[in-house]
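# Analysis of the macromolecular model
The lines below spell out each chain.
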Amino acid sequence: MSAAVPAFAVISGGQVAQALRGRERQITELVEATYQLHCAGDSVNPPSYFLQFPDRPNARIIALPASIGGSIRVDGLKWVSSFPDNVANGIPRASAVLILNDHDTGYPLACLESSIISATRTAALAASAAGWLSRGRPRPARVGFFGTGLIARYIHTFLAGNGWTFDEIGVHDLSADSMAGFRGYLEGSGATGEITCYDRAEDLISASDLVVFATIAGQPHVTEPSWFKHNPVVLHVSLRDLAPEILLESVNLVDDVEHCLKANTSPHLVEQVTGSREFLAGTLGDVMAGRVSVPADRTVVFSPFGLGVLDLAVGKHVYDEVTRAGDLNVVDDFFHELRRYG
Ligand SMILES: NC(=O)c1ccc[n+]([C@@H]2O[C@H](COP(=O)([O-])OP(=O)(O)OC[C@H]3O[C@@H](n4cnc5c(N)ncnc54)[C@H](O)[C@@H]3O)[C@@H](O)[C@H]2O)c1
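Residues numbered from 1 in each chain as written. Predicted model: local features only at pLDDT ≥ 70, side-chain atom pairs only at ≥ 80, totals over all residues. Heavy atoms only, no water.

This brings us to the site of the ligand. What surrounds the ligand is a group of 24 residues, the closest being Ile151, Asp173, Ser178, Thr215 and Pro304. Note that a nitrogen atom of the ligand is positioned 3.4 Å from one of the backbone N or O atoms of Leu174. Within the backbone of Thr215, one N or O atom sits 2.6 Å away from an oxygen atom of the ligand. Taken by itself the ligand offers 880 Å² of open surface, and the protein chains cover 87% of this. Looking at side-chain class alone, the shell around the ligand contains 11 nonpolar, nine polar and four charged residues. (Near = heavy atom within 4 Å. Polar contact = N/O pair within 3.5 Å; in protein donor to acceptor, adjacent residues only side chain to side chain. Areas by Shrake-Rupley, 256 points an atom, 1.4 Å probe, with all protein chains shown as cover. Nonpolar A, V, L, I, M, F, W, Y, C, P; charged D, E, K, R; others polar.)

Next up, the structure:
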């Protein structure tokens, strides 16, 4: 009986980074294919569960359980913390683990460091969306990063890794340290394009054909629709920056309707204000399948809630790579009580 119990492994952030480094194109294809599998219904992805604390109101830990079919066939859970005060103390805001469960026995196979996996799947879907939403218009040559932390860095890396080049890269953040840090990253990455730091949000948006929101704002702080009159493509990854007035004047796409219209995201606020979901054009999956077309003469806002199935797919890829390399660190005797009657 115990022979069927899989080994349990722990995969460190170093191993995750090594398995993913330089593979932006391949991972974007994997994430896109997994997202399409989800859109086709070959997944189970219940609502994320938010654990919040009366004594630490800006912090949260989110559980994302999920199951993916297709050739990946794995179940699991991402457990991701967001403690924004960490940044002032010199450590990243988010930390996470991913548990992969064996399809046949349900046994946990591995625990992976997952802040890298989470940032990777977020950036991969954002890069994919940038491509799909720019079809039919000139490819954006001016990108603006609104909020310049770790997620912004990953999104830039994934855009560049997928062949995007820019004439201009705009940067805006409330923190001068973040702007300087991101600028340093851009310069070190060999990014093409002139880098400009904008003190005013309006100037960054006006100067960008592709705008990436990656702040930690809890409620809308960008409220002026006229800032978007040049009809940019907007990757609204941080979900709560844009006021309903802006979404109501834009073409709105989400990754998953039921997931995204929750937790006071900007699309959720629009639903509360209007009492309807008519403001939504559809999902990115609808665009990929040709069910929704994206006009070139409107602002397009993509608000991705972030799906646990994407973490699973990237996590399973890392697990398979580490296994293939013979580097799996198995914890011997992890499952110890294996005889029913001792
Ligand atoms: N949708 C998804 O799938 C997904 C996945 C992962 C992370 N995220 C979100 O991405 C965001 C960024 O994450 P991160 O790890 O890069 O955080 P981070 O703390 O490393 O960086 C956030 C940056 O935003 C800046 N900022 C905060 N409020 C701002 C404002 N009003 N205007 C301009 N700048 C502002 C901060 O100074 C900081 O530099 C978070 O909101 C996180 O929840 C979304």
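Once the structure has been displayed, the description carries forward.
Our focus in this paragraph is the packing of aromatic side chains. Pairs of aromatic rings are described using the distance from one ring centre to the other and the angle between the two planes. As enumerated under the stated definition, the model contains 10 aromatic pairs in all. Geometrically, the ring pair formed by Phe182 and Tyr185 is tilted, given 5.7 Å between the ring centres and 40° between the ring planes. You can see Phe182 and its partner Tyr185 sitting in helix α5 (residues 176-189), three residues apart, about one turn around the helix. Across the pair, exposure class does not vary: Phe182 and Tyr185 are buried alike. Site record: aromatic cluster; members linked through ring pairs are Phe8, Tyr107, Phe334 and Phe335. The ring of Phe53 has Arg56 sitting right over it, with the charged end atom 4.1 Å from the ring centre. (Phe/Tyr/Trp six-rings, centres within 6.5 Å; stacked < 30°, edge-to-face > 60°. Helix = DSSP H or I, 4+ residues; strand = E, 2+ residues; numbered from the N terminus. Buried < 20%, exposed > 50% of the residue type's maximum accessible area, 1.4 Å probe, protein only. Lys NZ or Arg CZ within 6 Å of the ring centre and 35° of its normal.)

Attention shifts here to the sheet that holds strand β9 (residues 168-172). Spatial ordering of the open sheet is given by β10-β9-β8-β11-β12-β15-β13-β14, a layout of eight strands whose pairing is parallel. At either margin of the open sheet sits one strand with a lone partner, and together these are β10 (194-197) and β14 (280-283). Averaged over neighbouring strand pairs, the angle between their axes works out to 20° when direction is ignored. Judged from the four bridges that link them, strand β11 (residues 210-213) and strand β12 (residues 233-236) form a sheet pairing that is parallel. (Pairing = 2+ DSSP bridges. Axes fitted to C-alpha atoms, helices over the stretch in contact; angles between N-to-C directions.)

Along the polypeptide, Ser12 turns up in the loop between β1 (9-11) and α1 (13-20). Judged by relative accessible area, which is 36%, Ser12 ranks as partly exposed. It is 8.8 Å that separates the C-alpha atoms of Ser12 and Ser114, two residues lying 102 residues apart in sequence.

On any regular strand, side chains alternate: one points to one face of the sheet, the next to the other face. Strand direction decides the pairing type here: strand β4 (residues 56-68) and strand β5 (residues 74-82), joined by nine bridges, are antiparallel. Bridging across to β5, Arg60 finds its partner in Ser82. Counting the residues between successive antiparallel strands, the hairpin from β4 to β5 contains five residues, one of them, Gly70, with a positive phi of roughly 60°. Two elements, β5 and strand β6 (residues 94-101), share eight bridges in a ladder whose sense is antiparallel. When the sheet's bridge partners are listed, Asp75 is paired in β6 with Asn101.

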